[in-house]
Amino acid sequence: MKLKFLLIMLMIAGFARVYAQNNPENDHEGDHHHHHHKNELGLSNSAVYIFEEEKLAYSLHLHYIRLLGDSKFGLGPGVEMIFGEHSHNTVGLVLAYSPLEPLTLAITPGVTFGHESHNEFSMAAEAIYAFNIGVFHIGPAIEFSYLPHDYHISVGFHIGFGF
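Numbers given to residues run from 1 along each chain, matching the order in which its sequence is written. Thresholds applied to this predicted model are a pLDDT of at least 70 for local features of residues and 80 or more for the giving and counting of side-chain atom pairs; totals over whole chains, interfaces and linings are not thresholded and use all residues. To get the side-chain values, take all heavy atoms of the structure and skip hydrogens and water.

(A) Up close: the overall build of the chain. Within the chain one finds 1 helix and 9 strands. Burial classes follow relative accessibility: with a 1.4 Å probe on protein chains only, a residue under 20% of its type's maximum area counts as buried, one over 50% as exposed, and anything between as partly exposed. Relative to its full complement of 163 residues, the chain shows a buried share of 39%. The contact criterion used is simple: two residues touch if any of their non-hydrogen atoms lie within 4.5 Å. Pairs at least 24 residues apart make up 44% of the contacts formed inside the chain by residues separated by at least 6 positions. Accessible surface is estimated by sampling points in the Shrake-Rupley manner with a 1.4 Å probe; for residues, cover comes only from the protein chains shown. Element-wise, carbon and sulfur atoms account for 68% of the exposed surface of the chain, whose accessible area totals about 9,600 Å². Strands are runs of DSSP state E lasting at least 2 residues, helices are runs of H or I lasting at least 4, and numbering of each runs from the N terminus.

(B) Representation of the pattern of salt bridges within the structure. Criterion for a salt bridge: a side-chain nitrogen of Lys or Arg within 4 Å of a carboxyl oxygen of Asp or Glu. Within this structure, the stated rule accounts for 1 salt bridge. Between K38 and D70 there is a salt bridge, with the nearest N and O atoms lying 3.7 Å from each other. Highlighted residues: K38 in the loop between α1 (2-22) and β1 (39-50) and D70 in the loop between β2 (55-67) and β3 (73-83), separated in sequence by 32 residues. For K38, a relative accessible area of 30% puts it in the partly exposed group.

(C) Representation of the environment of S154 within the structure. Inspection of the secondary structure puts S154 in strand β9 (residues 150-162). In the structure, S154 is positioned 108 residues away from S46 in sequence and 5.8 Å away in space, judged by C-alpha atoms. Sequence-distant contacts of S154, that is, excluding residues within four places in its chain, are made with S46, A47, V48, A141, I142 and E143.

(D) Main features of the packing of aromatic side chains. By convention, a stacked pair of Phe, Tyr or Trp rings (six-membered ring in the case of Trp) has centres within 6.5 Å and planes under 30 degrees apart, an edge-to-face pair has planes over 60 apart, and any other such pair is tilted. Tallied over the entire structure, the rule returns 8 aromatic pairs. Grouping aromatic residues by their ring pairs yields a cluster made of Y49, F51, F144 and Y151.

(E) Spotlight on the side chain of S98. Considering the arrangement of structural elements, one finds S98 in strand β4 (residues 88-100). Among the polar contacts listed, one links the side chain of S98 to the side chain of T104, at a separation of 3.1 Å. Pairs of N or O atoms are called polar contacts if they sit within 3.5 Å, as long as, within protein, a hydrogen donor faces a hydrogen acceptor (for residues adjacent in sequence, only side-chain-to-side-chain pairs).

(F) How the structure looks around unusual backbone geometry. Phi at E54 takes a positive value of approximately 50°, unusual for a residue other than glycine. Relative to the helices and strands, E54 is located in the loop between β1 and β2.

(G) Representation of a nonpolar patch on the surface within the structure. A residue counts toward a patch only above 30% relative accessible area and without a salt bridge, and it is joined to like-charged neighbours within 9 Å or, for Val, Leu, Ile, Met, Phe, Trp and Tyr, to nonpolar neighbours within 5 Å. Side chains of L41, I133, V135, F136, F157, I159, F161 and F163 sit close together on the surface and give an oily, nonpolar patch of about 680 Å² of accessible area. When residues of the nonpolar patch are assigned to their parent elements, the largest contribution, 3 residues, is made by β9. The topology assignment puts V135 in the loop between β7 (131-133) and β8 (136-147).

(H) Expanded view of the pairing of β2. Here, strands pair whenever DSSP counts at least two bridges between them. Here β1 runs beside β2; their pairing, made up of 12 bridges, is antiparallel. Bridge pairing in β2 places Y49 opposite L56. Linkage of β1 to β2, two consecutive antiparallel strands, is achieved through a turn of 4 residues, within which E54 is found at a positive phi near 50°. Bridge analysis of β2 against β3 gives 8 bridges, and the strand direction is antiparallel. In the sheet register, Y58 faces β3, and the bridge partner there is F83. Between β2 and β3, which follow one another and run antiparallel, lie 5 residues, and G69 among them has a positive phi close to 60°.

Pasting the structure below:
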């Protein structure tokens, strides 16, 4: 059942990608200059699979990223909260890189605390494939998080506000 849920989430993300690519509003043929906002407030809602416990949970990820100069690199604080029976929280420093217009890759070293956790080091790697709609960008997100005693993967939906 958990595998079916993850497959459904991946299919939804794939259909969202295909729709956005075929949407006339996203047709920028000949437009080689893209405006990147210096700041972003982002939120991701995700289904999380916790491997050690073979359980699904709900996750909310929030971050603020500031671009570094005119580069494709950004930096800022982030927090991830996993709710339910296996709840825990992570705070960290998000290091983001946007190699292509719709794609953002991020790594977040941080500290996790909460359920069965004693303020331990964690590391997350995330990919977001988002499409601009005005000052917002939306799209699928996937994240892999490592803790010394466990790891989890999340698949969800990201919305960001650029300013």
